[in-house]
Amino acid sequence: MTHPSLELQIQTLPDNPGVYQYYDKDGKILYVGKAKNLKKRVSSYFNKIHDNGKTNVLVRKIVEIKHIVVSSEQDALLLENNLIKKLQPRYNISLKDDKTYPWICIKKEPFSRIFPTRRMMKDGSEYFGPYTNFKTINTLLDLIKELYPLRTCNYDLRESNIQSGKFKVCLEFHIGNCKGPCEGYESLENYQKQVDAIREILKGNFKQSLRDFKSKMTEFAANMQFEEAQKVKEKIEVLENYQSRSTVLNPKISNIDVFSIVSDETMAYVNFLQIAHGAIIRSYTLEMKKNSTKRMKNFSS
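Residues numbered from 1 in each chain as written. Predicted model: local features only at pLDDT ≥ 70, side-chain atom pairs only at ≥ 80, totals over all residues. Heavy atoms only, no water.

Caption draft 1: Structural context of the overall build of the chain. Per the secondary structure count, the chain includes 12 helices and 10 strands. For the chain, the residues scored as buried account for 38% of the 301 residues in total. Put simply, of all contacts in the chain between residues at least 6 apart along the chain, 57% involve residues at least 24 apart. Counting every atom, the chain has about 17,900 Å² of accessible surface; 51% of that belongs to carbon and sulfur. (Helix = DSSP H or I, 4+ residues; strand = E, 2+ residues; numbered from the N terminus. Buried < 20%, exposed > 50% of the residue type's maximum accessible area, 1.4 Å probe, protein only. Contact = heavy atoms within 4.5 Å. Areas by Shrake-Rupley, 256 points an atom, 1.4 Å probe, with all protein chains shown as cover.)

Structure follows, in structure tokens:
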């Protein structure tokens, strides 16, 4: 197959945010990258000699350039990350830097810690994301902190260590942010129930936590423990306020992915919504020019 010249391929790139893919003469993927402006970013590869020798080798091997236009730079971040995982381009590995996308980790350990990270370890831990920035992560973690008292220490809380009295409670225990599992003041069973509830929140499901808190509030009120009931009521309000800021469609809708395609003679638009428990938790739109039948087939695959 004869490809248009690289100069022509670059000239026809749009000035939109998106993801570009480089291929060699055998049609093998070399590199996937993101750009705020596709034409400017791709052009920069070919108009100078790079300090990194591997980048120069990469540029000499490029024969075909494909691209996907998205609606924002944040969408480009997510799409780039997903394509790199799927396609495993050779030069994304050899030229990789330390910048990765943030996740929320539920650590696989007794009394699981929950924290933000840029590194995914293959240790059985759970990772939620990726998120486009730490602002979203910090909002979620602040919400979780207000709802559930979890430990933040790095102690190895195996039962043998707790029973031997190896650890002492810290300031977080005394100010009410932790229930002191390090000294056995909280059971593993009770702690993991909280982790289970947090896992559902990270998936977009607020129903169970709201149900549990309302049940506790009713129980405290029935036992004339009005101060405790008020504390739980405040947690309910925090959770409901956060939920109301999500785009809620219908709480009866479960976990589904929604795609729609709008097309005319020259352009095609593919819209994607990820819905969990009635709330839109992710969305983006791909805009594509109909100047290559092969490109459309590549996208659909």
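Caption draft 2: Inspection of the packing of helix α6 (residues 134-147) against helix α9 (residues 188-202) at higher detail. For the pair α6 and α9, interaxial distance at closest approach is 11 Å and the crossing angle is 150 degrees. Taken together, the axes of α6 and α9 lie roughly antiparallel to each other. Viewed along their axes, α6 and α9 form a crossing whose handedness is right-handed. On α9, the residues touching Leu140, Leu143, Ile144 and Leu147 of α6 are Ile198, Ile201 and Leu202. (Axes fitted to C-alpha atoms, helices over the stretch in contact; angles between N-to-C directions. Parallel < 35°, antiparallel > 145°, perpendicular 65-115°, else oblique. Left-handed = near helix turned anticlockwise from the far one by under 90°.)

Caption draft 3: Examining the sheet that holds strand β4 (residues 103-106) more closely. Spatial strand order, β5-β4-β6: 3 strands in an open sheet with antiparallel pairing. One side of each edge strand has no neighbouring strand; the edge strands of this open sheet are β5 (114-117) and β6 (126-128). The sheet shows a mean angle of 30 degrees between the axes of neighbouring strands, direction not considered. Where β4 meets β5, 4 bridges bridge the pair, whose relative direction is antiparallel. Paired with Ile104 across the strands is Pro116, a residue of β5. (Pairing = 2+ DSSP bridges.)

Caption draft 4: How the structure looks around the environment of Ser72. Within the secondary structure, Ser72 is located in the loop between β3 (64-70) and α4 (73-87). Classification of Ser72 as partly exposed rests on a relative accessible area of 26%. Between the C-alpha atom of Ser72 and that of Lys36, which follows or precedes it by 36 residues, the distance is 7.8 Å.

Caption draft 5: A look at unusual backbone geometry. The phi angle at Phe111 is positive, at roughly 55 degrees, despite the residue not being glycine. Even without glycine at this site, Met224 takes up a positive phi of about 65 degrees. The class of Met224 is exposed, set by a relative accessible area of 59%.

Caption draft 6: Up close: a positive patch on the surface. Taken together, the side chains of Lys54, Arg60, Lys61 and Arg90 define a basic patch exposed on the protein surface. For Lys54, the location among the structural elements is in helix α3 (residues 53-61). (Patch = residues over 30% accessible without salt bridge, like charges linked within 9 Å, V, L, I, M, F, W, Y side chains within 5 Å. Salt bridge = Lys/Arg side-chain N within 4 Å of Asp/Glu carboxyl O. Lys, Arg positive; Asp, Glu negative; His and termini not counted. Charge placed at Lys NZ, Arg CZ, Asp CG, Glu CD.)

Caption draft 7: Summary view of the nonpolar core. The biggest cluster of nonpolar side chains holds 31 residues, and the ones touching the most others in it are Ile104, Tyr148, Leu202 and Leu239. Contributions of two or more residues to this core are made by β4, α6, α9, α10 (207-222) and α11 (226-244). Residue contacts for Tyr148: discarding those within four places in its chain leaves Gln194, Ala197, Ile198, Ile201, Ser209 and Phe213. Counting residues in each nonpolar core, the second largest holds 16 residues, with Leu13, Tyr20, Tyr22 and Val59 among its members. (Core = buried A, V, L, I, M, F, W, Y, C linked by side-chain atoms within 4.5 Å.)

Caption draft 8: Up close: the pattern of salt bridges. Overall, the coordinates contain 8 salt bridges when judged by the stated rule. Asp123 is paired through a salt bridge with Lys107; the nearest N and O atoms lie 2.7 Å apart. Taken together, the positions of Asp123 in the loop between β5 and β6 and Lys107 in the loop between β4 and β5 put the pair 16 residues apart, joining distant regions of the chain. Since its relative accessible area comes to 19%, Lys107 is described here as buried. A salt bridge links Glu109 to Arg113; the nearest nitrogen and oxygen atoms lie 2.7 Å apart.

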